[in-house]
Amino acid sequence: MERQQSIYIQVRDGFTAKEGSLIRVGDIATLLMQDQQNKEIILNLPLLKAEKKAPSYIVVSILTIIEKIQERYKNVHIYPVGKSEILVSVESERKPIRKSWLYTKIAIVGFTLFVGTGLAIMNFHADVNMAEAHRQIYAMITGIDTNKPLILQIPYSLGIGIGMALFFNHIIPKKVRDEPSPMEVEMYSYKKGVNDYILNNTKNTEENSRS
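The notes below deal with the structure included here. (Residues numbered from 1 in each chain as written. Predicted model: local features only at pLDDT ≥ 70, side-chain atom pairs only at ≥ 80, totals over all residues. Heavy atoms only, no water.)

Considering the sheet that holds strand 8 (residues 85-91)
- Strand order in the open sheet formed by three strands is 2-8-6, and the pairing between neighbours is mixed. Pairing within the sheet leaves two strands with one partner each, and these edge strands are strand 2 (15-18) and strand 6 (57-61). Each adjacent strand pair in this sheet contributes to an overall mean axis angle of 30°, direction not counted.
- As paired strands, strand 6 and strand 8 are joined by five bridges and run antiparallel to one another. Residue pairing for strand 8: I58 is matched across the bridge by V88.
- Strands strand 6 and strand 8 of the sheet are contacted by helix 7 (residues 182-201), whose axis makes an angle of about 110° with strand 8. (Pairing = 2+ DSSP bridges. Helix = DSSP H or I, 4+ residues; strand = E, 2+ residues; numbered from the N terminus. Axes fitted to C-alpha atoms, helices over the stretch in contact; angles between N-to-C directions. Contact = heavy atoms within 4.5 Å.)

Side note on the environment of Q5
- Here Q5 is to be found in strand 1 (residues 5-11).
- Sequence separation between Q5 and N75 is 70 residues; the distance between their C-alpha atoms is 7.2 Å.
- With sequence-adjacent residues up to four places away left out, Q5 is seen in contact with M33, Q34, D35, N75, V76 and H77.

Quick word on the sheet that holds strand 1
- Across the sheet, which stays open at both edges, the three strands sit in the order 4-1-7 with mixed pairing between neighbours. Each edge of the sheet is formed by a strand with only one pairing partner; in this case those strands are strand 4 (29-32) and strand 7 (76-80). Each neighbouring strand pair of the sheet contributes to a mean axis angle of 25°, computed without reference to strand direction.
- Against the sheet, helix 3 (residues 62-72) touches strand 1, strand 4 and strand 7, its axis set at about 145° to strand 1.

Let's talk about the pattern of salt bridges
- On inspection of all chains with the given rule, the structure shows three salt bridges.
- D13 is paired through a salt bridge with K83; the nearest N and O atoms lie 3.8 Å apart. With a gap of 70 residues between them, D13 in the loop between strand 1 and strand 2 and K83 in the loop between strand 7 and strand 8 connect regions that are remote in the sequence.
- Look at K83 and you get partly exposed, because its relative accessible area is 38%.
- The partner of K192 in a salt bridge is D196, and the shortest N-O contact between them spans 3.2 Å. One end of the pair is K192 and the other is D196, both in helix 7 and four residues apart, which spans about a single turn.
- Using a relative accessible area of 31% as the deciding quantity, one classes D196 as partly exposed. (Salt bridge = Lys/Arg side-chain N within 4 Å of Asp/Glu carboxyl O. Buried < 20%, exposed > 50% of the residue type's maximum accessible area, 1.4 Å probe, protein only.)

Observations regarding the nonpolar core
- By size, the foremost hydrophobic cluster in this structure holds 28 residues, and its most contacted members are I7, I9, I28, I42, V60, I65 and I69.
- Looking at which element gives the most residues to this core, the answer is helix 3, with four residues.
- Residues contacting I65, with those up to four places away along its chain left out, are I9, V11, V25, I28, A29, L47 and V60. (Core = buried A, V, L, I, M, F, W, Y, C linked by side-chain atoms within 4.5 Å.)

Some words on the packing of helix 5 (residues 130-142) against helix 6 (residues 150-167)
- Two elements in contact, helix 5 and helix 6, have axes separated by 9 Å at closest approach and are oriented at 130°. Regarding the angle of helix 5 to helix 6, the classification is oblique. As helix 5 runs across helix 6, the sense of the crossing is right-handed. Counting all contacts with helix 5, which are made through M130, H134, I137 and Y138, the residues of helix 6 involved are I151, L152, Q153 and Y156.
- Tallied by class, residues from the contact of helix 5 with helix 6 come to six nonpolar, two polar and no charged. (Parallel < 35°, antiparallel > 145°, perpendicular 65-115°, else oblique. Left-handed = near helix turned anticlockwise from the far one by under 90°. Nonpolar A, V, L, I, M, F, W, Y, C, P; charged D, E, K, R; others polar.)

Considering the side chain of K39
- Its location among the elements puts K39 in helix 2 (residues 36-43).
- Although K39 lies buried, it forms no salt bridge, and the closest oppositely charged side chain, E40, sits 6.1 Å away as judged by the N-O distance.
- Sequence-distant contacts of K39, that is, excluding residues within four places in its chain, are made with L31 and M33. (Lys, Arg positive; Asp, Glu negative; His and termini not counted.)

So this is what it looks like as structure tokens:
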């Protein structure tokens, strides 16, 4: 770069790197500048390597990226935009899981959730005496006192399952309904909370390696 140029840089929300791979500027940041040729060179500048047996998370500061760029190009003005750090997740090589063991784990988890959910629903109905409430409602509407108001109990039982399926957005196709399910929102919030905690309690990995 002969003349002085301005570079606007913004780190991404996150990045996942494979163990032993080389992390480049373009993997974790986006640039805005006029010189497209030099932009491609900067995006391909190596930052650090995700060493084998490295921690599961690597914290990279935007200052580290700026320093790498200025090592190559002295006559530039760099303006950081947005967050100051990015969390890089390092994926280690995993041995392939046998399908039989995978299906066994799914069956165990599914059975545990089914039993736990069933017990929770039954305990709730026992606490509020739902059977008696159904009898009283049936008697108020029809004037008949019966111990088994099935006309209320059957739709109510079906409504619990259908209502939960609708609530977790598993019936309407995603092509028709693009909004995420409550479970997906909760998982996103949990993951974001974990990432924020790691960022707030972990120092820049590149700076730690120098010290």
